[in-house]
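Each chain, letter by letter, is given below.
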Amino acid sequence: MNSKIISDIGEFIFVNHEPRKADIIFLPGGSDPLPPERAAELYKQGYAPLLMPSGGVSVKRDRWPGVQRKADIYSGDYHSDCEFYTDALKINGVPLSAIIPENKSGHTRDNAFFSRNTADGYGLKIKTAIIVCKSFHARRCLMLYQLAFPEAELIVCPVDVFGITRGNWFKTKLGTERVLGELARCGGQFVGDIMRYLGVSDGLE
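So, here's what we can say about the structure.

Rules and cut-offs
Residues numbered from 1 in each chain as written. Predicted model: local features only at pLDDT ≥ 70, side-chain atom pairs only at ≥ 80, totals over all residues. Heavy atoms only, no water. 1 Å grid on protein atoms, 1.4 Å probe; cavity = no way out; pocket = protein on both sides within 12 Å on 5 of 7 lines; lining within 4 Å. Points joined across faces, edges and corners; volume = space filled by probe spheres on them. Nonpolar A, V, L, I, M, F, W, Y, C, P; charged D, E, K, R; others polar. Helix = DSSP H or I, 4+ residues; strand = E, 2+ residues; numbered from the N terminus. Contact = heavy atoms within 4.5 Å. Patch = residues over 30% accessible without salt bridge, like charges linked within 9 Å, V, L, I, M, F, W, Y side chains within 5 Å. Areas by Shrake-Rupley, 256 points an atom, 1.4 Å probe, with all protein chains shown as cover. Salt bridge = Lys/Arg side-chain N within 4 Å of Asp/Glu carboxyl O. Buried < 20%, exposed > 50% of the residue type's maximum accessible area, 1.4 Å probe, protein only.

### So, empty space enclosed by the protein
Using the criterion set out here, one finds 1 cavity of 30 Å³ or more in the structure. One number sums up the size of the largest cavity: a volume of about 30 Å³. Around the largest cavity, the lining residues are P28, G29, P35, Y85, C133, K134 and H137. Broken down by class, the residue content of the lining of the largest cavity amounts to 4 nonpolar, 2 polar and 1 charged.

### A short note on unusual backbone geometry
In the Ramachandran plot, K70 falls in the positive-phi region, its phi being about 60° despite a non-glycine side chain. Secondary-structure assignment places K70 in the loop between β2 (51–53) and α3 (81–91).

### Digging into the side chain of T128
Looking at the element boundaries, T128 is found in strand β3 (residues 128–131). Beyond its immediate sequence surroundings of up to four residues, T128 is in contact with K21, A22, D23, I24, E153 and I155.

### Digging into a nonpolar patch on the surface
Taken together, the side chains of I194, Y197, L198 and V200 present a nonpolar region at the surface, about 460 Å² in accessible area. Tracing the chain through its elements places L198 in helix α7 (residues 191–198). Taking the relative accessible area as the measure of exposure, L198 reaches 54% and is therefore exposed.

### Topic: the pattern of salt bridges
Under the definition given, this model contains 12 salt bridges. Across the pair D32 and R69 runs a salt bridge, and its minimum N-O distance is 2.8 Å. You can see D32 sitting in the loop between β1 (24–27) and α2 (34–44) and its partner R69 sitting in the loop between β2 and α3, a full 37 residues away along the chain. The buried category is assigned to D32, whose relative accessible area is 2%. Residue classification places R69 among the partly exposed residues on the basis of a relative accessible area of 31%. The residue E41 makes a salt bridge to R38 at a minimum N-O spacing of 3.6 Å. A residue pair is termed a helical-turn pair when its members lie 3 or 4 positions apart in one helix, as E41 and R38 do in helix α2 at 3 residues. On the basis of relative accessible area, R38 is assigned to the partly exposed category, the value being 22%. By sharing partners, the salt bridges in this structure join R109, D193 and R196 into a single network.

In structure tokens, the structure reads:
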């Protein structure tokens, strides 16, 4: 395999920005505690006054799967990504007054657009936002939140999970499947959006 292909895929998928002051921190849903732990750190460091954890139950499942690690610390009776993330934020020192939950979405696209609906419902004018997500999920999260918040500057501050990093993703079956799966979704899930942006039909000629 050409190493340039590997590095190009890694550069595209693993978006990573330095944190800067923002109006809010977005948390696309999940069941690993590392993203809410990172978001809590950014909150306590003064990077944003509000956090919006997002997610109900994945459309791929009929119930919430359970905490993926540190279940001794995060031991609540959680029924959604949002419930888990909210409790994880509280356990890590974020007051409830700073948390705006979005608990209906079932996949990443909904995370972004339902978060937009929730922000609008609270009358929030978001000029700059931080996204805290899994590192191999970073590009797709950025693209979807860009669609939902086109007027906002978005800063991605991801965390590595499952041992998958930009430097080693291609060395394991799990890492390869996750990253190439994200690469495929970053093409296939955006066909309609790109066609509408270009003003052309998305049907086959």
